[in-house]
Amino acid sequence: MRNTFGISFVAGMETMEDDRLKRLKYMNDTRFLKSNRIHPYREKMLFEEVRDVIYPKSGYKGKYDISSRYYHLIMGVFEIRPNTEALEIADIREDEKVLDLAFGTGWLLNKIVERTNTVVYGIDFSGGMCKVSMENLERNGNLDRTQLILGDVLSMPIKDNSFDVVIGSFILDLLPKNQIKVALEETKRVLKPGGRAIFTSMTKKGRGLLRSWRLIYEMLYPLWPTVLGYRPSSRPIRLSEEVTNAGFRITKSKITRTNFFPFPVEIVVCEKEVDP
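Being a predicted model, the structure only gives us computed values, none of them experimental.

A. Region of the structure containing helix α5 (residues 80–90). All of the buried residues in α5 are P82, N83, E85, A86, L87, I89 and A90. Among the residues trailing α5, D91 stands out with phi positive, at a value near 55 degrees.

So this is what it looks like as structure tokens:
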């Protein structure tokens, strides 16, 4: 009886010791993960990865054709403040030839015309946006100072080395991840050597209040409804990294916010390197 009891007791102790070792190993592994900031659950909650873009059922192009008549209201809520700041740091000169990517309602085109003595170009693949933009340009007396192109920023019908400045406002954060690089390569192609690009997009950067609002936006992103054919599709990306990886040299950058809600926005001014 004693031997049996003793054997059972020792076996029980060994089992308890094994459990302790397992728990200690788990705690060490957990501490390692936390200390190196790679805990998978934590990373998921902070939305560190760039999301896949979500479009409404009407598709990317259809969305803008449908919303073209009231898109100025959406732009007023989100885009005017960062676009105004982007124009300020772009430092466009009077004699420079400028291209506006995905010009939308033409708000930026009108502002660029005021800063140059040259014809300002714009490209957009939405026929609805082209029509609205032409109306807005004509209303401001700027239609004769612009040249609009119905086309895709991923494959522009424009010759190499054509522009001194290319502006892309809230276009890269609307593209699928595998198309961001394509758009940047096309931008580089149409820029003159030493020319510069100015990009504005929602960003993963930003601290404090901006970071909190960015997390709120990302949590709600899959839930945004489609209203009158429009659904918010922009999502935070790592703009500086994308631009640098595409071979541009960043000369200026700024973190700002959208107009009404303080969602973080990054503005980057970058140059196309001159070939040696």
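Next comes the rest of the description.
B. Layout of a nonpolar patch on the surface. Side chains of I216, M219, L220 and L223 sit close together on the surface and give an oily, nonpolar patch of about 360 Å² of accessible area. Along the chain, the position of L223 falls in the loop between α9 (209–220) and α10 (239–245). The exposure class assigned to L223 is exposed, which follows from its relative accessible area of 62%.

C. Local environment of the nonpolar core. By size, the foremost hydrophobic cluster in this structure holds 35 residues, and its most contacted members are L99, L101, L172, L184, F199, V243 and F248. The set of elements that each furnish at least two residues to this core consists of α3 (59–67), α4 (71–78), β1 (98–101), β4 (163–169), α8 (177–190), β5 (191–202), α10 and β7 (264–272). Counting residues per element, this core draws most heavily on α8, at four residues. With 19 residues, the next largest nonpolar core counts I89, V98, V113 and I198 among its residues.

D. Expanded view of the environment of K57. Note on placement: K57 falls in the loop between α2 (40–45) and α3. Look at K57 and you get exposed, because its relative accessible area is 89%. Here the alpha-carbon distance between K57 and R231, two residues 174 residues apart in the chain, equals 9.4 Å.

E. Inspection of the pattern of salt bridges at higher detail. Under the criterion given, the structure shown has 17 salt bridges. The partner of R238 in a salt bridge is E48, with the nearest N and O atoms 3.6 Å apart. One end of the pair, R238, is in the loop between α9 and α10; the other, E48, is in the loop between α2 and α3, and 190 residues separate them in sequence. The exposure class assigned to R238 is partly exposed, which follows from its relative accessible area of 26%. For E48, a relative accessible area of 27% gives the class partly exposed. Put simply, E186 and R189 hold a salt bridge, and the shortest N to O gap is 2.7 Å. Placement of the pair is E186 and R189 together in helix α8, with a separation of three residues, close to one helical turn. Given the relative accessible area of 12%, E186 is considered buried. A relative accessible area of 23% means that R189 is categorised as partly exposed. Salt bridges linked by common partners bring R51, K204, R214 and E218 together as one network.

F. Region of the structure containing the sheet that holds β5. Here we have seven strands laid out as an open sheet, ordered β3-β2-β1-β4-β5-β7-β6, and mixed in their pairing. Strands at the two margins of the open sheet, each flanked by one partner only, are β3 (146–150) and β6 (248–257). If you compare each strand with its neighbour and ignore which way they point, the axes differ by 15 degrees on average. Two strands pair when backbone bridges link them, and strand β2 (residues 120–124) and β3 are joined in this way by five bridges, in the parallel orientation. Of the residues in β3, the one forming a bridge with G122 is L148.

The rules we used
Residues numbered from 1 in each chain as written. Predicted model: local features only at pLDDT ≥ 70, side-chain atom pairs only at ≥ 80, totals over all residues. Heavy atoms only, no water. Buried < 20%, exposed > 50% of the residue type's maximum accessible area, 1.4 Å probe, protein only. Helix = DSSP H or I, 4+ residues; strand = E, 2+ residues; numbered from the N terminus. Patch = residues over 30% accessible without salt bridge, like charges linked within 9 Å, V, L, I, M, F, W, Y side chains within 5 Å. Areas by Shrake-Rupley, 256 points an atom, 1.4 Å probe, with all protein chains shown as cover. Salt bridge = Lys/Arg side-chain N within 4 Å of Asp/Glu carboxyl O. Core = buried A, V, L, I, M, F, W, Y, C linked by side-chain atoms within 4.5 Å. Pairing = 2+ DSSP bridges. Axes fitted to C-alpha atoms, helices over the stretch in contact; angles between N-to-C directions.

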